[in-house]
Amino acid sequence: MTSESLLSNLPDEILLEVIQLLPQQTKVNIAQVNYKLYKLVQKSLYENLLFTRKSTLGSLQNFQDGLWTVVGGSKNPLVTPKFNSDTFQMRQEVLLQSLTLDTELCDCIKRVVICPRKDGDSPTEGLPTEKDNEEEEEELQETRTTVSPFSVNATLEEFIKKNCANLEQLSYVGENPHIKARLSIDDISSLKNLQRLDIDDFYYLTCIPKSKIRHLVVNHIITSPICIRVSNDTITKAMKNLQSLKFNDYEAQSIFLNKFLENWNSKELLPLETAKIIYYHGFNDSDIENQNLVLKFLKLLDPSLFRNLEIVVGCDHMTCNCLTDLVKELSKDGSLQLRKFAVKQHTVHRDHNYSEKFDYYLSEFLTKSPSRKSLKYLSISYDVPSDFNIGNSVKGNGVQGNFLKRKRLFEATIQKVVNLETLVMPHFLENAACYEQVMSDLLWNGCKCEHCKMYLSIFDYYVMHHQYYDGLEGYMTDMITPILFGSAGKALSHRLVDDSDLSFLKYPQLDTYWNFHTGNGITHFDDEADKEDCQFNESCFKPLTKCLAHFFLSYVKTYGETMPKLKRVIMNGEFFERNLIKNNEWICAYD
């Protein structure tokens, strides 16, 4: 009996389970074996579609790259932006042709996610003026005009809306997904199986009570003035239907919660399972009232149902203790026992003390909350200046002692979360890059393996032959290690599809690169020979990511020793999995 016949003789249920775990290209290959496998692969191959100009990372250590079919760009990092854009558009056209020729495929499509993440920072980001070199400016302008902005084929998008009757989700995600709602009222009415709705107008709330929509994402509201033009009864019915509620916009959250809480029976608990909220005290007089609205909302969550919370939190007043109220609400007896918790720092300050304040209150929550015993997933994200500068000089506070103090607090706290299985720190490296001594130690006294000994010296050469624009001082100056590693960390973090910090494990990892010359005005010295001889481009990024993986590994091992149930750690875009077969050895999935 051939291997093909052995495979085909397996029950369809088992084959489907296996197929769903396979990488995208392997699914395509299997579909060509015989008709039975072709039909089985169809469902898995078309069920989840992710549109992005990136390609995906492949790994033998996990199965995330098999979760979605990616309609993306080229895997070659050295192709021109125009070639990559053309490849992305061509693949959309091929998909449209396939759906048009075989309309049965439309029934397989359930979720469509569009990730318009930009390829990288502008080469002049951080510079106060435009280029003064006319020839370079003309070349840059030509690139801008020949490379179209990110867009999904409009004909394809409309075809999916009109013909994919089983569609459950169509969403834009990323740093700025709030451009325009992708579904009209008529679209929503015709899509009887829609489960997630992303809105930019409160009038869409009228669609929820009579639908299967269970997940609501509130983005920036584009109507002016911003108001809720629906009845109180409609809002009440909509909230009773929802399983998850996510606010991506502070002002929209305030207006919605104020309207909702005015009319909701305070004795009736909400049936939500998941929520994202914003709890921030800035410089507006209304911030305190908005925080009170969030606290009232939290009191309405049903502890027997609610399990997953993402919260954007910050207080930009050093002497204020408003975060204490939030910790008390989440830590009181009988409060929520979360399974997944994601916390994101928000601050306008570039100061170590505000990050230390954030760490303190996070430590208070993890130490005192009933959730410390129930948490399985924890994500912690820091708000870092784009130039990673919180005072890297003697007069500043970006010194190694402050970093070590925060490091010790975190290691002492995290072990209190006794059943934690997944720890995510999407911006760990950018946060560490705020402390110059830590980054310099990584470059000059880092890992001693053969790979790092070879490449760290090369990156030392890079630092010695480049400069950047210091926005605080207002002039070009010698390159420093925080700019090198912080910029690499920013590119690495773009591997993670930014839908929700609770859902990083839901999506495949994108293959991102940095060309060593974008962001913070990075350039060569005036010596023309340096510009002509520079060999640093996207091809150098993979060797750097391996060095960074070795740097992360020492932290991962420390967390693993104190938390025996920890299975995976994600730092920026690096995935570490604990291998239970090999004496709990930690393995990096991608680098």
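Thresholds applied
- Residues numbered from 1 in each chain as written.
- Predicted model: local features only at pLDDT ≥ 70, side-chain atom pairs only at ≥ 80, totals over all residues.
- Heavy atoms only, no water.
- Helix = DSSP H or I, 4+ residues; strand = E, 2+ residues; numbered from the N terminus.
- Buried < 20%, exposed > 50% of the residue type's maximum accessible area, 1.4 Å probe, protein only.
- Contact = heavy atoms within 4.5 Å.
- Areas by Shrake-Rupley, 256 points an atom, 1.4 Å probe, with all protein chains shown as cover.
- Pairing = 2+ DSSP bridges.
- Axes fitted to C-alpha atoms, helices over the stretch in contact; angles between N-to-C directions.
- Polar contact = N/O pair within 3.5 Å; in protein donor to acceptor, adjacent residues only side chain to side chain.
- Expected span 1.5 Å × (residues − 1).
- Phe/Tyr/Trp six-rings, centres within 6.5 Å; stacked < 30°, edge-to-face > 60°.
- 1 Å grid on protein atoms, 1.4 Å probe; cavity = no way out; pocket = protein on both sides within 12 Å on 5 of 7 lines; lining within 4 Å.
- Points joined across faces, edges and corners; volume = space filled by probe spheres on them.
- Parallel < 35°, antiparallel > 145°, perpendicular 65-115°, else oblique.
- Nonpolar A, V, L, I, M, F, W, Y, C, P; charged D, E, K, R; others polar.

Looking now at the overall build of the protein chain. What the protein chain contains, in helices and strands, is 20 helices and 20 strands. When each of the 591 residues of the protein chain is scored for burial, the buried share is 54%. Taking the contacts inside the protein chain whose residues are at least 6 apart along the sequence as the reference set, 73% of them involve residues at least 24 apart. Counting every atom, the protein chain has about 26800 Å² of accessible surface; 51% of that belongs to carbon and sulfur.

Reading across from one edge, S3-S1-S4-S5 is the order of the 4 strands in this open sheet, with parallel pairing throughout. Of all strands in the sheet, those bounded by a partner on one side alone are strand S3 (69-71) and strand S5 (169-172). Pairwise comparison of adjacent strand axes, ignoring direction, gives a mean angle of 15° for this sheet. The sheet contact formed by strand S1 (residues 48-51) and strand S4 (residues 111-114) spans 4 bridges and is parallel. Residue Phe51 lies in a different strand from S4, and its bridge partner there is Ile114.

Okay, the sheet that holds strand S15 (residues 475-478) next. Within the open sheet, the 3 strands sit side by side as S15-S14-S17. Their pairing is antiparallel. Only two strands of the sheet have a single partner each, and these edge strands are S15 and strand S17 (523-524). Two strands pair when backbone bridges link them, and strand S14 (residues 466-470) and S15 are joined in this way by 4 bridges, in the antiparallel orientation. Each residue of the ladder has a partner; that of Gln467, found in S15, is Asp478.

Our focus in this paragraph is the side chain of Asp302. By the secondary structure assignment, Asp302 is in the loop between helix H11 (287-299) and strand S10 (308-315). Only 2.7 Å separates the side chain of Asp302 from the side chain of Ser304, close enough to count as a polar contact.

Let us look at helix H10 (residues 250-263). Helix length check: H10 (14 residues) gives 21 Å between terminal C-alpha atoms against 20 Å at 1.5 Å per residue, within 8%. All of the buried residues in H10 are Ala252, Gln253, Ser254, Phe256, Leu257, Phe260 and Leu261. The inward-facing, buried residues of H10 contact strand S7 (215-218), helix H9 (232-241), strand S8 (244-247), strand S9 (274-281) and H11. With a side-chain oxygen positioned 3.3 Å from the backbone nitrogen of Glu251, the residue opening H10 is Asp249.

In this structure the tally under the stated criterion is 24 aromatic pairs. Judged by centre distance (5.9 Å) and plane angle (80°), the ring pair of Phe428 and Phe552 falls under edge-to-face. On the criterion of sequence distance, the pair formed by Phe428 in helix H15 (residues 428-432) and Phe552 in helix H20 (residues 541-562) is long-range, its members being 124 residues apart. A residue is classified by how much of its surface remains accessible, and Phe428, at 10% relative accessible area, is buried. Phe552 gets classed as buried once you look at its relative accessible area, which sits at 0%. A centroid spacing of 5.4 Å and a plane angle of 70° characterise the contact between Phe551 and Tyr555, whose relative ring orientation is edge-to-face. Here the residue Phe551 and the residue Tyr555 both occupy positions in helix H20, the gap between them amounting to 4 residues, near one helical turn. Residue Phe551 shares its accessibility class with Tyr555, and that shared class is buried.

Moving on to the pairing of strand S6 (residues 196-199). Along any regular strand, the residues point their side chains to alternate faces of the sheet. Where burial is concerned, the two faces of S6 agree: the one with Arg196 and Asp198 and the one with Leu197 and Ile199 are both buried. For S6 and S7, the ladder comprises 4 bridges, and the chain directions are parallel. Bridge pairing in S7 links Arg196 to His215.

Take empty space enclosed by the protein next. Tallying each qualifying case throughout the model produces 8 cavities of 30 Å³ or more. Around the largest cavity sit Asp359, Tyr382, Phe403, Arg406, Lys407, Phe410, Glu411, Met425, Phe428, Asn431, Tyr555 and Tyr559, which together line it. Secondary structure elements with two or more residues in the lining of the largest cavity: helix H14 (400-414), H15 and H20. The dominant element in the lining of the largest cavity, judged by the number of residues it contributes, is H14, at 5 residues.

Helix H12 (residues 322-331) packs onto H11 with a crossing angle of 5° between their chain directions and a minimal axis gap of 10 Å. By the angle class used here, H11 and H12 are roughly parallel. Seen from H11, the contacting residues are Gln291, Leu295, Leu298 and Lys299; seen from H12, they are Cys322, Asp325, Leu326, Glu329 and Leu330. Taken together, the residues of the contact of H11 with H12 sort by class into 5 nonpolar, 1 polar and 3 charged.

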